[in-house]
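# Summary of the model geometry
The residues making up each chain are set out below.
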Amino acid sequence: MTSDVQLATRPADVSARDRVDAAKNLVVSFVLNGKPLSVAVAPTELLADTLREGLGLTGTKVACGTGDCGTCTAILDGEAVRSCLMLTAMVAGKTVETIEGLAGESDIHPIQQAFIDTGAVQCGYCTPGMILAAKALLDENPKPSADDIKEAISGNLCRCTGYTKIIEAIDKVANAVA
Amino acid sequence: MARAAPKPQANMGPPVPRYDGRAKVTGDARYPSDVPVASPAFAFLVTSAIAKGRIVRMDLAAAQAVPGVLDILTAEDTRELKHVKFAAGGAGASTSIQGLGPDIDHDGQIVAVVLADSFEAAREAAHKVDITYAAEEPAATFDATNAREESPEEVGERAKKLPKAGDAAAALASAEVTIDAQYATPAQHHNAIELFTTTALWSGDELTIYEPSQFVFGLKNNLAERLGIDAEQIRVVSPYVGGAFGSKAQMTPRTALIALAARRLGRPVKLVSTRDQAFTISTYRAETRHRIRMGARRDGRITAFIHEGWELTSRPDPYSVAGVEDSARMYGFGAVETRVTLVHADRNTPGFMRSPPVVPYIYALESAMDELALELGMDPVELRRANNSMRDATGKEWSSRSLMECYDEAAAAFGWKERTARPGSMRDGDWLIGWGCATAAYPTHLGPSAVRVRLTPAGEVRVQVAAHDIGTGLYTVLAQLAADELGVPLDMVRVELGDTALPPGIVAGGSVSTAATGSALVKACAAIRERLTAAPAQTTGGPSGNKLEDVFERLGIGAIEEYAEFIPEGGKPDAIASLYKGKPALGGGSHGEKLMYALGAEFVEVRVHALTREIRVPRIVGAFAAGRIMNTRTARSQLMGGMIWGISSALHEATEIDRRHARYINDNLADYLMPVNADIRDVEVILVPEEDSEVNPIGAKGLGELGNVGTAAAITNAVHHATGVRIRELPVRLEKLLG
Amino acid sequence: MAQTEFFRPGNLAAALDLLDQYREQAVIVNGGTDIVERIAHGGVRRAAIIYIHEIPELRGIGEGDGFVRIGGAVTYNDILASPLCCQFTALEQAVKEIGSPSIRVRGTPAGNLGTAVPAGDCCAAMMALDAEVVAASRQGERAIKLADLIIDYRRTALAANELIREIRIPVVPGGKTASAFLRLTSRKGQDIAQASAAVRLTLDGDVCRHAVIAMGSVSKVTVRAYSLEKAVAGKTVADAAEEIKAMVPAEVALRAADNPAFAARPTANIERQYKESVIGVIVARAMMTAYGKILAGEQ
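Residues numbered from 1 in each chain as written. Chains lettered and ligands numbered in written order. Predicted model: local features only at pLDDT ≥ 70, side-chain atom pairs only at ≥ 80, totals over all residues. Heavy atoms only, no water.

### Section: the domain arrangement of chain A
All names here are of chain A. Assigned domains of chain A: these are domain 1 (5-101) and domain 2 (110-174). Buried surface at the junction of domain 1 and domain 2, summed over both partners, amounts to about 1,200 Å²; 61% is from carbon and sulfur atoms. Ranking the residues of domain 1 by area buried against domain 2 places Lys-61, Ile-75 and Ile-99 at the top, with a combined share of 37%. Connecting domain 1 to domain 2 are one salt bridge. For the pair domain 1 and domain 2, the number of links is five residue pairs in polar contact (both at pLDDT 80 or more). (Domains from an automatic or database assignment. Buried area = accessible area lost by both parts, 1.4 Å probe. Salt bridge = Lys/Arg side-chain N within 4 Å of Asp/Glu carboxyl O. Polar contact = N/O pair within 3.5 Å; in protein donor to acceptor, adjacent residues only side chain to side chain.)

Here it is as structure tokens:
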């Protein structure tokens, strides 16, 4: 189980197999937006902070720190999670997607386009989290009902407040994908 | 679900997609705290645990011992900062309370700033700052024994500037039908999703501030004053703002502290404050109380209107919204009397929050209108019609007023004529159904703006102005307007905003941005067109066509750049010079020759469970008239978002105050309830065509703060219709409906 | 204090060894939806973070010895995907409404029970289902009934070296049993319940043979309403529902003084009155829902 959590410099006498000495930096390896990477973190460091400060992926926002707003949403092994409620050490060996990984080489993702088309973007601060929550939903359930959509983004606050248009955007993608 | 962009009608622009949409959906949009700076130090604020008293001792030893801590700023270290006078609207600081102690004036006041190599270390050390206080009993809100209510002289002095007409007391005494009702609205916090952040970066004597702002020129000038340096040394950059709603319009105490810290450390400093701190380090909508007395004839004509308001503010600052200025002019009242009293308590200073005066005061007015309609046995819409007038009690005329057109369109869409009047008469099983309506109103403000526009032979246009798109759509409407004015495709226009390196724009407040910036832009574009038409018809050997390239070649220049300034009619000649100095001059509304307002009518259905009193709002219809609509898509977004704000304001939002400690209780997003998407059902926006050539050159009234006004009254009116219970104190909570 | 260390034990034995070694100096991280925030923001500082969420022995759902057994790291989403778990309607209904989807992906019932907050929806449902937890330590295992597990606001009977290995819900044989859970909130999504109730009803003809009743958000801990249970036994369902509405206000008033959520709130009194008058309705409604399910032939 420890193969993904390594020491920056491994001491000679690691007695417990599962032990990681935090006085050294913790190196966590995972797949981020399709590319494997290793990053040195503190044991209490949040995934949201690693993404923003450590890796410069500032599309992930932090706005409450308590899991209530959803702006820090990332996709972990296909499921939308709160990156402010995950220690980076917890994602070792896993696959993480952020908003920066969504667009293809030639164009933006259909969900992103739908958000533009329906006017679902206002101040834009909740937008990356909303889009990732929507993507996790549509990957799992390509034909969601309006209630499914509302449920999927029920943990993402939009203060502007564009819920109706956000739901329209997600619905539009679901229907176009048919 | 296919109502994304209403079809443009008369005097409405096309719903082009949002200019900044792509940057925002890809995560590329760099909000101020996203801007990378080289090896920043991280700041964490230490805030006061008491609301009143003083700091006796501050022990920093444990905090300083945390590995990575670089410095801790306390009151001693910030003596060099100059005091900036409080003035609402961006013209001054957001509060007079600027010191880090030892005197404590409100709970959550900043008392120290910890600086460290990492955010984690700064936070840990902040928790270890050990402070001993000598606490005194604070006044938390209205009715606290040691709160200070203004003297009759102070109230009388303010009343001189408030609306008054005829002898309202006498008219009330002789009226056939009267009502006398009291209302209350709670404290509310903006809770924009983006937190309050500041990054400060010195390069020699030059300071760059990255901070989400609704008024970069205001921040620049106020900060210069606070730091005691020349404003020209400061640049404030804020191209994107993650929601503001008024909370980012003024300089708050944090900015100078972070700038000072960066100078001391010789290193950039980055602050991202926390959600609970956001409740006390900036402003909020203060709680208000109202008493309204109205007298009317049997036919519904209102002969007397007396509106008294009480507003809470901080101990030092006389912040007031005085929305009687608006309520007293909404209908053709016979006689009017108004008064506003401030109550000073030990709280942080309140400030602008989306539609500051009209949200509480129009709520009170529109509730009272419903009560009067009931008393008269009149349909609430017909009561508004009976008092609809192009002239207010003081004789002032409206520039345009489409209120009843809004009522009629919204009522038809809603199906209002199916309503039965008696409370509790519409029921669906265990659910009591109520229908209610109310007026939405927002004064049309006027403001100055500068702008710079550049056109190249290839048809590329660049628009530059230090105005702000806080989610409102300014990027988009300026791009549209420039494309229209210069006859180029939309995708050839680039818009740059939110940077003091650009010509100054107005504060993003008072719903004035589109009108002010747009008017300046139209002027600059006209100047460019004039220069193009001045080109000789032909030059020897040169091209003779009308293509832009040909015209430029005949002019013999590589690009045209025009700087323009717009000052609204009746505005002061030095308005632009003042804007450069960070002083916004807002006029209009009820203050000019004519009354200028955007208006609307909102209809809601509520369902209240007969046993548990659960409340649902299955549908809401709003019809709005706001002069020229620049873009039906962004307009709809604004109005729809506004109505959802209104629902939230009516049913959920209240900052609860611990009366013993004058402390906010629910200072987080789990307990400060805003609606989640599952709460929002059917929201319909109707745009009513209206032309008004008097408000400003582009004829747009501004509607960012319209949709959320009146909604709360429409809901409480509907709740009364459903249950017979009149809620006169917001928000409507389940427990208040037992009765 | 010394730097925190992060451990990711690969199996239960390794986790229990670490827990035994660090005891009070350890914090267990499961799904993390509650505790990570407190670790990151400095509210909880321990020498050791022991991350148990991916331990295979804690991830299973199974059946045996008359119980449905839910592993200590099973998530809310796992529950919703499991027909075994969803046979307990109260559990399914409670879990469906917890937090938001991204919380349910990570959050666990064991974590909810271990957190012991009064509004814990899962607590009320599990309590009505007469569930117990199996607490494991290096020294062995013991079963603890839920009513004994939660002893105070955010305090449980678990020892410092114990973790919840599994939750067990007894399967009542025969078709005359059903359960239901209801909550009342101001806001539809991710709101803390103002009041919640869970009921498990077993019928004898048309008469309540046995009802288990739990109420959330009325006191500092989730409450098992023994007096109500006694009062409704032997009555017809309709009479029982009326009895509940009559008795609950006194029940709630009795316990409200203990609820820390009421301290300092200006509206405490009115909120309490509201709870007093509403919870009876909720409990009665939950009972009628369970009754309806029995009539419809569901478990």
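### Brief notes about the pattern of salt bridges
In a structure, side chains of opposite charge can pair up when their charged atoms sit close to one another. Residue and element names in this part refer to chain B. As enumerated under the stated definition, the model contains 80 salt bridges over all chains in all. In this structure, Asp-107 and Arg-663 form a salt bridge, with 3.5 Å as the shortest nitrogen-oxygen distance. Of this pair, Asp-107 sits in the loop between strand S4 (103-104) and strand S5 (110-116) while Arg-663 sits in strand S27 (residues 663-664); the two residues are 556 residues apart in sequence, bridging distant segments of the chain. The class for Arg-663 is partly exposed, based on a relative accessible area of 31%. (Helix = DSSP H or I, 4+ residues; strand = E, 2+ residues; numbered from the N terminus. Buried < 20%, exposed > 50% of the residue type's maximum accessible area, 1.4 Å probe, protein only.)

### Observations regarding the side chain of B:Gln464
All names here are of chain B. Tracing the backbone through its elements, the reader meets Gln-464 in strand S20 (residues 461-464). Looking at Gln-464, the relative accessible area reads 8%, which means it is buried. Apart from the residues lying within four places of it in its own chain, the contact partners of Gln-464 are Val-451, Arg-452, Glu-496, Leu-502 and Pro-503. (Contact = heavy atoms within 4.5 Å.)

### Regarding the sheet that holds strand S3 (residues 48-51) of chain C
Residues and elements named next belong to chain C. Read across the sheet, three strands follow the order S1-S3-S2 without closing on themselves; strand pairing throughout is parallel. Edge positions in the sheet fall to strand S1 (5-7) and strand S2 (26-29), since each of these pairs with one other strand and no more. Strand-to-strand twist across the sheet, computed as the mean angle between neighbouring axes with direction ignored, equals 20°. Direction of pairing for S1 relative to S3: parallel, over a ladder of three bridges. Residue pairing across strands places Glu-5 opposite Ala-48, the latter belonging to S3. (Pairing = 2+ DSSP bridges. Axes fitted to C-alpha atoms, helices over the stretch in contact; angles between N-to-C directions.)

### Side note on the packing of aromatic side chains
One pass over the structure, following the stated rule, counts 21 aromatic pairs over all chains. Ring centres of B:Tyr31 and B:Tyr240 lie 5.7 Å apart, and the angle between their planes is 45°; on these two criteria the pair is classed as tilted. Of this pair, B:Tyr31 sits in the loop between helix H1 (21-26) and strand S1 (41-47) while B:Tyr240 sits in the loop between strand S11 (234-237) and helix H7 (254-265); the two residues are 209 residues apart in sequence, bridging distant segments of the chain. With respect to class, B:Tyr31 is no different from B:Tyr240; both count as buried. Considering the side-chain rings of B:Phe414 and B:Trp416, the 6.4 Å spacing of their centres and the 50° angle between planes classify their relative orientation as tilted. Each member of the pair, B:Phe414 as well as B:Trp416, is classed as buried. An aromatic cluster is present here, built from A:Tyr125, B:Tyr19, B:Tyr31, B:Tyr240 and B:Tyr475 joined pairwise through their rings. In this structure, A:Arg159 packs its charged tip against the face of B:Trp645, placed 4.1 Å from the ring centre. The positively charged end of C:Arg168 is found above the aromatic ring belonging to C:Phe67, 5.3 Å away from the centroid. (Phe/Tyr/Trp six-rings, centres within 6.5 Å; stacked < 30°, edge-to-face > 60°. Lys NZ or Arg CZ within 6 Å of the ring centre and 35° of its normal.)

### Regarding the interface of chain B and chain A
Taken together, the contacts link 56 residues of chain B with 47 residues of chain A. For the chain B and chain A pair, buried surface summed over both sides reaches about 4,100 Å², with 57% attributable to carbon and sulfur atoms. At the junction of chain B and chain A, the tally comes to six salt bridges. Residue A:Glu53 is joined to B:Lys270 by a salt bridge in which the shortest nitrogen-to-oxygen separation is 3.1 Å. Of all the secondary-structure elements, those providing two or more residues to the side of chain B that touches chain A are H1 and helix H17 (632-651) of chain B. Taken together, the residues of the side of chain B that touches chain A break down into 26 nonpolar, 15 polar and 15 charged. (Nonpolar A, V, L, I, M, F, W, Y, C, P; charged D, E, K, R; others polar.)

### Here we look at the confidence of the model for chain B
As a note on interpretation, predicted positions should not be read in detail where pLDDT is low. The share of residues in chain B with pLDDT of 70 or more is 98%, and the mean pLDDT across the chain is 94. Confidence estimates for the predicted assembly give a pTM of 0.92 and an ipTM of 0.92. (pLDDT = per-residue confidence, 0-100.)

### As for helix H5 (residues 163-176) of chain A
Between its terminal C-alpha atoms H5(A) stretches 20 Å, which fits the 20 Å expected from 14 residues at 1.5 Å a residue. With eleven of its 14 residues buried, H5(A) lies for the most part within the structure. Among the residues of H5(A), A:Tyr163, A:Thr164, A:Lys165, A:Ile166, A:Ile167, A:Glu168, A:Ala169, A:Ile170, A:Asp171, A:Val173 and A:Ala174 are the ones counted as buried. Turning to H5(A), the residues buried within the fold contact helix H2 (110-117), helix H3 (127-140) and helix H4 (146-152) of chain A together with H17 and strand S28 (682-687) of chain B. (Expected span 1.5 Å × (residues − 1).)

### A short note on unusual backbone geometry
Note on backbone geometry: most residues besides glycine have negative phi, and most peptide bonds are trans. All names here are of chain B. Cis rather than trans, the peptide bond between Gly-101 and Pro-102 has omega equal to 5°. Within the secondary structure, Pro-102 is located in the loop between strand S3 (69-73) and S4. Of note, the amide linkage connecting Leu-730 to Pro-731 takes the cis form, showing an omega dihedral of -5°. Topologically, Pro-731 is positioned in the segment after helix H18 (711-723).

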